[in-house]
Amino acid sequence: MRQLLEVLGFVVVVQGVAGLVTEFTDWHWGLVRRAGFLDGYEIYASVALLVLGVALFAVAERRGPGG
């Protein structure tokens, strides 16, 4: 379970970073940009993904090596 939380945390953090990179550069990648219902709220969604990813890492760390 710990590894699953770490993988999910990594994916969510990468998507949050991708959303921020997309907003501040001309690169166009990541899922935040593709979600039409987030038009106008991409930065907020990206920051929320970053916070969620850090929270997933914290939960994974809290569970300890035994699971």
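Reading the values: rules and limits
- Residues numbered from 1 in each chain as written.
- Predicted model: local features only at pLDDT ≥ 70, side-chain atom pairs only at ≥ 80, totals over all residues.
- Heavy atoms only, no water.
- Helix = DSSP H or I, 4+ residues; strand = E, 2+ residues; numbered from the N terminus.
- Contact = heavy atoms within 4.5 Å.
- Patch = residues over 30% accessible without salt bridge, like charges linked within 9 Å, V, L, I, M, F, W, Y side chains within 5 Å.
- Areas by Shrake-Rupley, 256 points an atom, 1.4 Å probe, with all protein chains shown as cover.
- Salt bridge = Lys/Arg side-chain N within 4 Å of Asp/Glu carboxyl O.
- Buried < 20%, exposed > 50% of the residue type's maximum accessible area, 1.4 Å probe, protein only.
- Expected span 1.5 Å × (residues − 1).
- Arc of directions from axis to C-beta.

A.B. asks: In this structure, what is going on with the environment of Ser46? I would like to understand it.
C.D. replies: Within the secondary structure layout, Ser46 lies in helix 3 (residues 42-63). Each C-alpha atom, one on Ser46 and one on Thr22, is 9.9 Å from the other, the two residues being 24 residues apart in sequence. Sequence-distant contacts of Ser46, defined by excluding residues within four places in its chain, comprise Gly16, Gly19, Leu20 and Val32.

A.B. asks: Would you mind going over a nonpolar patch on the surface with me for this structure?
C.D. replies: Together, Val7, Phe10, Val11, Val14, Trp27, Trp29 and Phe57 give the surface a local cluster of nonpolar side chains, amounting to about 680 Å² of exposed area. Residue contributions to the nonpolar patch peak at 4 residues, all from helix 1 (residues 2-24). Along the chain, the position of Trp27 falls in the loop between helix 1 and helix 2 (31-34). When its relative accessible area of 56% is taken as the criterion, Trp27 is described as exposed.

A.B. asks: Looking at this structure, how should I read helix 3?
C.D. replies: Owing to its 3.6 residues per turn, the α-helix aligns residues three or four sequence positions apart on the same side. Its 22 residues place the ends of helix 3 31 Å apart at the C-alpha level, agreeing with the 32 Å of an ideal helix rising 1.5 Å per residue. Burial in helix 3 covers these residues: Glu42, Ala45, Ser46, Gly53, Leu56 and Ala60. Down the axis of helix 3, the buried side of the element spans an arc of 100 degrees, and every buried residue falls inside it. Turned more than 90 degrees from where helix 3 packs its buried face, Tyr44, Val51, Val54, Glu61 and Arg62 sit exposed. Looking at the buried side of helix 3, the elements it contacts are helix 1 and helix 2.

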